Each structure stands twice: as structure tokens, then as C-alpha cells.
Amino acid sequence: MRDRKPFVGGNWKMNTNRTTSAELTRGVVDALAPVTGTDIAIFPPFPYLLAVRSILRDRGSSIQLGAQDCYHKPDGAFTGEVSLDMLKDCGVQTVLAGHSERRHVLGEDDEIVNTKLRAIVEAGLTGVLCIGETLDQRESGHTDPVNQRQLRGGLADVSADALEKIVIAYEPVWAIGTGKTATPEDAQDVHAKLRKLLGQMYNADVAKRTRIIYGGSVKASNAEELFRQPDIDGGLIGGASLKAPEFAGIVKAAAATGSKG
Ligand code: 13P
């Protein structure tokens, strides 16, 4: 049975420019050159994908190139959208689906998230399915049902085999960009429940081998205690991924905790 190798993603969101995206890529590559045993991906804004890919390739880096979103249709009259073929053409290997900002700022629901995730997997890429409850939902005691609904909805009609190419990212909305991190115990509690649900939806093997990563104000200083939890397999990092040394510190914390399963 395959172990769960840690996965750490740097989601740059709508940040950087042509100069700083290149500087950040070089900084991350240099800082992480000696690190092994962890899957690392960076998710720059669309316009900088090709330039970031060139730097990764020139330096022989194993860091994966990620995209923050996609459209599920292959081509056609969809002004402003970007297809998976276009992303593959730019060297993208991993794509986010259902990030909380796409759900809550840009109005994506479970159905569109599921459509995108299935398209990502069908394109042969790795999909990162993002789920998580809002503060209101947590405070009103709805954390578990919300995450269960988003997991079931996001994975509707996704086969057990396809789960090989999917990472689940639990990102409580109230912890994103706020400086408030879930305690390691609270995050572990949600991750364990999500893993149990994967077991019910699929089987024990899928539950055991699927990586569930945590996102929400992860920093180099709090990463290791989060990643030491038995069901937390790495992180999806926003603000802290915009500083190469900080991001490198987080990846090193994941590498230090090693594979699980
Ligand atoms: P922060 O790390 O800035 O809280 O963002 C988390 C996130 O949304 C990663 O996708």
C-alpha cells in the first residue's frame, strides 16, 4: 500500500507581478533544492505560468506547476476562461478546484466544483479539492455537515481510481488570511472525520492513501505541529507562500514529519 507522501502547495492567489513572480520562483527553488520526500507545487497567476515554468525547467526543479482554477469545457465561446488543454500546454500539472475564494467571492457551488474536478482528472492532471466551513457555520455547529456535503458534492461521480490523482485540502474559511489557525487538535478532528467519510464513500484503501492537507494561516512557526497530526498530510499555503524562506520553512516542516499511512 502506498504511503501518503506530504504535499505542500503555495497558492499565490492574485499576487505578484512579472518581476516578483520570477524572483519568488527562483527563491523557492534555491531554498528547497536539497529537500526531498515531499511533493511541492506552486500556483502562480495565469499570466506568469509560462515564465515560472521556464525557471523551474532551467533549474531542473521537481516543484510542480499549478493553476489556481480552470474551466471544464475544452474550447469555444467562454470569454475570459482558461481550458485544461491550455493549462497542460503551459506545463501545468496540478489544478485547484473549489478554493473558498471561488466559492464565496465568485459564487461557485458544489456542482461546478465537481464538474471542474472531474475535468481536471480526465485531463490527466492532479486536482486539489478545497473544502471548508465559514465562521458562521462553525459557530452554529455545522462544521461537520458542511465539510461532508462539500466532500460528497465535490467527489460526486469520481471513481476510486481517480482518487489517486486527487488531494483534499481542508481550509476553514475563517482561518484563511486572518492569522487565525485552527488548533492542531481541531484540524485533526476534521481531517479524521473526512478520512472516515472517504472510507464510507469508497473503501478503507482509498481512505488510507488519500492525502488530506490543511490550509489557513499556516506559517513556518506553526506548520510542524499541524503536520505532526496523524491525518494532516501537508498544507495549502497562501500569504506565507509569497516569501521564499517562509514557504521553504513550511515545506521543511512537512519533510521532517515524513510520509504517513
Ligand atoms: P493563508 O495561508 O493566507 O491563510 O491562505 C490559505 C489559502 O487560502 C491557501 O489556498
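Every value quoted in this text rests on a predicted model; they were computed, and no experiment measured them. Throughout this document, residue positions are counted from 1 along each chain, in the order its sequence is written. The predicted origin of the model limits local features to residues at a pLDDT of at least 70 and limits the giving and counting of side-chain atom pairs to 80 or more, whereas totals for whole chains, interfaces and linings rest on all residues. With hydrogens and water stripped out, all remaining heavy atoms of the structure feed into the side-chain values.

Remarks on the overall build of the protein chain
Within the protein chain, the secondary structure is distributed over 11 helices and eight strands. For the C-alpha atoms alone, the extent of the protein chain along its principal axes is close to 45 × 45 × 40 Å. The buried share of the protein chain, taken over its 261 residues, is 54%. Two residues form a contact once any of their heavy atoms are found within 4.5 Å. Long-range contacts, defined as pairs at least 24 residues apart, comprise 74% of the intrachain contacts of the protein chain with a sequence gap of at least 6. Think of it this way: any DSSP run of H or I at least four residues long counts as a helix, any run of E at least two long counts as a strand, and we number them from the N terminus. Per-residue accessibility, obtained with a 1.4 Å probe over protein chains only, is compared with the maximum for each type, and a residue is labelled buried under 20%, exposed over 50%, and partly exposed between these values.

Quick look at the sheet that holds strand 4 (residues 94–97)
For two strands to be treated as a pair, DSSP must find at least two bridges joining them. In space, the eight strands of this closed barrel follow the order 1-2-3-4-5-6-7-8, with parallel pairing throughout. When strand polarity is set aside, the average angle formed by the axes of neighbouring strands in this sheet is 25°. For strand 2 (residues 39–43) and strand 3 (residues 64–67), the ladder comprises two bridges, and the chain directions are parallel. Across the sheet, the residue bridging to Ala-41 is Gln-64, located in strand 3. Contacting strand 1 (7–11), strand 2 and strand 8 (234–237), helix 11 (residues 244–257) crosses the sheet at an angle of about 165° to strand 1. Only the stretch in contact is used when fitting a helix axis, every axis being a line fitted to C-alpha atoms; angles between N-to-C directions are given from 0 to 180 degrees.

Structural notes on the environment of Val-92
Here Val-92 shows up in the loop between helix 3 (84–89) and strand 4. The class of Val-92 is buried, set by a relative accessible area of 3%. Residues Val-92 and Gly-66 lie 26 residues apart in sequence; the distance between their C-alpha atoms is 5.4 Å. Discounting residues that sit within four places of it in the chain, Val-92 has contacts with Leu-49, Leu-65, Gly-66, Ala-67, Leu-87 and Leu-125.

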